[in-house]
Amino acid sequence: MKTVNHWIGGKTVEGASGNYGPVTDPATGEVTTQVALASTEEVDAAVRVAKEAFLSWGQSSLAARTKVLFAYRALLDANRDAIAELITAEHGKVHSDALGEVARGLEIVELACGITVQLKGELSTSVSNRVDVSSIRQPIGVVAGITPFNFPAMVPMWMFPLAVACGNTFILKPSEKDPSASNKLAELMTEAGLPAGVLNVVHGDKVAVDALLAHPDVAAVSFVGSTPIARHIHTTASANGKRVQALGGAKNHMLVLPDADLDAAADAAVSAAYGSAGERCMAISAVVAVGAIADELVEKIRERAEKIKVGPGNDPTSEMGPLITAAHRDKVASYVKGAAAQGADVVLDGTGLRVEGNENGHWIGLSLLDNVRTDSDAYRDEIFGPVLCVLRTETYEEGVALINASPFGNGTAIFTRDGGAARRFQLEIQAGMVGVNVPIPVPVGYHSFGGWKDSLFGDHHIYGNDGIHFYTRGKVVTTRWPDPADAPSGVDLGFPRNH
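Here is what the cut-offs are and how they apply
Residue positions are counted from 1 within each chain, in the order its sequence is given. With pLDDT at 70 or above as the cut-off, local features in this predicted model cover only qualifying residues; side-chain atom pairs require 80 or more to be listed or tallied, and sums for whole chains, interfaces and linings still use all residues. With hydrogens and water stripped out, all remaining heavy atoms of the structure feed into the side-chain values. Secondary structure elements are defined from DSSP: runs of H or I of at least 4 residues count as helices, runs of E of at least 2 residues count as strands, and each element is numbered from the N terminus. By definition in these notes, contact holds between two residues if any of their heavy atoms fall within 4.5 Å. For the accessible areas, the method is Shrake-Rupley and the probe is 1.4 Å, while residue cover comes only from the protein chains on display. His residues and chain termini do not enter the charge count, which takes Lys and Arg as positive and Asp and Glu as negative. Positions of charges follow a simple convention, taking NZ of Lys, CZ of Arg, CG of Asp or CD of Glu. Pairing between two strands requires that DSSP report at least two bridges joining them. In this analysis an axis means a line fitted to C-alpha atoms, helices contributing only their contacting stretch, and an angle means the value between N-to-C directions, from 0 to 180 degrees. Put simply, the grid is 1 Å and covers the protein atoms alone, a cavity is a trapped set of points that fit a 1.4 Å probe, a pocket is an open set with protein on both sides within 12 Å along at least five of seven lines, and lining residues have an atom within 4 Å of a point. Grid points are joined across faces, edges and corners, and a volume is the space filled by probe spheres set on the points. Polar here means any residue other than Ala, Val, Leu, Ile, Met, Phe, Trp, Tyr, Cys and Pro, which are nonpolar, and Asp, Glu, Lys and Arg, which are charged; Gly is therefore polar. Joining through side-chain atoms within 4.5 Å is the link that ties buried Ala, Val, Leu, Ile, Met, Phe, Trp, Tyr and Cys residues into a set, and such a set is a nonpolar core. The buried label goes to any residue with under 20% of its type's maximum accessible area, the exposed label to any with over 50%, and the partly exposed label to all in between, with areas taken from a 1.4 Å probe on protein chains only. Any Lys or Arg side-chain nitrogen located within 4 Å of an Asp or Glu carboxyl oxygen qualifies as a salt bridge. Pairing of aromatic rings covers Phe, Tyr and the six-membered ring of Trp, with a centre-to-centre limit of 6.5 Å; geometry is then stacked below 30 degrees between planes, edge-to-face above 60, and tilted otherwise.

Engineer: I keep staring at the overall build of the protein chain and nothing clicks. Help me out?
Structural biologist: The helix and strand tally for the protein chain stands at 16 helices and 23 strands. For the protein chain, the spread of C-alpha atoms along the three principal axes comes to 85 × 60 × 40 Å. Long-range pairs, those at least 24 residues apart, make up 72% of the contacts in the protein chain between residues at least 6 apart in sequence. A total of about 20700 Å² of accessible surface is found on the protein chain, and carbon and sulfur atoms cover 52% of it. On the protein chain, the mean spot of the 42 positive side-chain charges and the mean spot of the 57 negative ones are 6 Å from each other.

Engineer: How do you make sense of the sheet that holds strand β14 (residues 284-290) when you look at a structure like this?
Structural biologist: Hydrogen bonding along the main chain pairs the strands of a sheet, whether they run parallel or antiparallel. Strand order across the open sheet formed by seven strands is β15-β16-β17-β14-β13-β19-β20, with mixed pairing between neighbours. Strands at the two margins of the open sheet, each flanked by one partner only, are β15 (345-348) and β20 (433-436). In this sheet, adjacent strand axes meet at a mean angle of 20° when their direction is disregarded. Sheet analysis places β14 next to strand β17 (residues 387-393), joined by five bridges and oriented parallel. When the sheet's bridge partners are listed, A286 is paired in β17 with C389. In the packing of helix α15 (residues 419-428) onto the sheet, the strands contacted are β13 (252-256), β19 (411-415) and β20, and the crossing angle to β19 comes to about 165°.

Engineer: What exactly am I supposed to notice about empty space enclosed by the protein here?
Structural biologist: Unoccupied space between atoms shows up once a probe the size of one water molecule is rolled over them. The final tally for this structure, using the stated rule, is four cavities of 30 Å³ or more. Each pocket or cavity is described by its volume, and for the largest cavity that value is around 120 Å³. As for the largest cavity, its lining consists of 16 residues, of which G278, A283, S285, E382 and F384 are closest to the centre. Looking at side-chain class alone, the lining of the largest cavity contains eight nonpolar, four polar and four charged residues. There is about 50 Å³ of room inside the second largest cavity.

Engineer: Looking at this structure, how should I read the layout of surface pockets?
Structural biologist: Estimated volume of the largest pocket: approximately 890 Å³. In terms of lining, the largest pocket is formed by 35 residues, of which the most central are F149, K177, G225, S226 and I229. For the lining of the largest pocket, the secondary-structure elements that each account for two or more residues are α8 (206-214), β11 (218-224), α9 (227-239) and α12 (326-337). Ranked by residue count, the leading element in the lining of the largest pocket is α9, at four residues. Residues belonging to the lining of the largest pocket are distributed by class as follows: 15 nonpolar, 11 polar and nine charged. The calculated volume of the second largest pocket comes to roughly 440 Å³.

Engineer: Teacher, can you tell me more about the nonpolar core here?
Structural biologist: Where a protein is soluble and globular, its nonpolar side chains tend to be buried together. Among the nonpolar cores identified, the biggest contains 63 residues, and M254, L255, V256, Y274, V287, L297 and L388 are the most heavily contacted of them. No other element matches helix α10 (residues 262-274), which puts nine residues into this core.

Engineer: How should I be thinking about the pattern of salt bridges in this particular structure?
Structural biologist: Side chains carrying opposite charge are able to pair once their charged atoms draw close together. The full count for this structure, using the stated rule, is 24 salt bridges. For D454, the salt bridge identified is with R231, shortest N-O distance 3.6 Å. In this pair, D454 is assigned in the loop between β21 (452-453) and β22 (456-457) and R231 in helix α9, connecting sequence segments 223 residues apart. Ionic pairing is found between D315 and K309, a salt bridge with its closest N-O pair at 3.9 Å. With a relative accessible area of 37%, K309 lands in the partly exposed category. Each of R73, D77, R80 and E110 takes part in one network of salt bridges that share partners.

Engineer: Looking at this model, I keep getting lost on the sheet that holds strand β1 (residues 2-4). Mind explaining?
Structural biologist: If you trace the three strands from one edge of the open sheet to the other, you get β1-β5-β4, paired in mixed fashion. In this open sheet, the two edge strands, each paired with only one partner strand, are β1 and β4 (20-25). Taken over all neighbouring pairs, the strand axes of this sheet differ in orientation by 35° on average, direction set aside. In terms of strand pairing, β4 meets strand β5 (residues 30-36) through six bridges, oriented antiparallel. Residue pairing in the sheet places G21 in a bridge with V35 of β5.

Engineer: Looking at this structure, how should I read the packing of aromatic side chains?
Structural biologist: The relative placement of two aromatic rings is captured by the distance of their centres and the angle of their planes. In this structure the tally under the stated criterion is seven aromatic pairs. Taken together, a centroid distance of 5.2 Å and an interplanar angle of 70° make the contact between W158 and Y463 edge-to-face. Residue W158 is found in helix α6 (residues 154-165), and its partner Y463 is found in the loop between β22 and α16 (464-470); the two are separated by 305 residues along the sequence. With respect to burial, W158 and Y463 carry one shared label: buried. Taken together, the ring pairs connect Y72, F160 and F170 into an aromatic cluster.

Engineer: Please explain the packing of α8 against α9 as it appears in this structure.
Structural biologist: How two helices pack is summed up by the angle between their axes together with the distance between the axes. Running from amino to carboxyl end, α8 crosses α9 at an angle of 40°, the nearest separation of the two axes being 8 Å. Contacts from V209, D210 and L213 in α8 reach H232, I233, T236 and A237 in α9. Each residue belonging to the contact of α8 with α9 can be placed in one class, and the counts come to four nonpolar, two polar and one charged.

Okay, structure coming up:
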């Protein structure tokens, strides 16, 4: 059986705890790999390595850092397929979707390649008599990233390229459900010339997470995952004096107005709800149909959803793969099976799906629920599976009020031909990312990704300028170089004034 060990100090380090977790191929249900689960002592050893590496890397030139990052970008591009194959084997998403994930991660690497511009400081000369003031940004030290199973390559690349470009050293704790992609990313970084200890991968479960949150030499923690865990990460790490950005769960809505192109809206709803089997924090999980268009829209969604082919991610004809685990599959199915009793109309029930030749895989088909009530479990919870809820309102105002009442505020979208309505929506809606006729409004790398309300804990969004500010801290330097001809100024106990 394949074993995934830690990557510390630029090399593979076998797990010393003796604890291993299973990694399953979701398409077959077979355990194909075991992953080392770090103890508190192993996490401490990794932090020591990263702390030692920071002494030199934090003082390295921007030219040295960007040389590594440009080389890394080339290696990632050359290894797209290999990384995507690792993702498909352990997560289950189809190969084309895995390639898209790698491409999105590459955008952040490209942003990091331009760090020389992003870290430019500011200078004000002659603010007072021969006094200049400058502002600079410096790395903060050892930082940690705790990342989810649904994007085992992209989300880590949202974090560590910017962190190391800013001069920090990094410890990645990826999901133990699909760990291989993270090791591959780290190996390629070493191949690109990154010094040993700057990027480390420590595998594990809650023991490893809690060790990072409590460690005195970890200066900051980045996290992406569910809201309950994000809240725990934020509370615990903050209490231990760390800077924290913790991105939580979502219930992303798509408001469809009566004037919208319903074919385009239906295409977008199916793509955004069922892509990656709904295991995306930016998936559309609730469509809000306004007015008389609801019946027609639901029918168009149903027609499209019924044609989606579900199968193994390594089959080029598959459009949607399995869920990550059997337990998660069963949990997702429970929302569909209980929907009718809570008032919904079950238009499509995918819970009985079986895939010939892979009967033990974690399969579930596409489900569509109509007339969903806001007090039902299927609406209130983040299902994280291929289940789309349709809610109905009479007016735009009712739709916006419904969306804003949700405790989540990750992303949302509106479909309309009315520019005025779209402008109102983007200003009135309480969410961090908004799409106008764009169902999954994930920003490009040079903007920042993050939600509102229970979808984000901490002040900084991830990547973009927010990411760079998160991984650095500001310093202001006030300088006076007196002229040799100046007379002694003497003692002055008054508060300094600019003149």
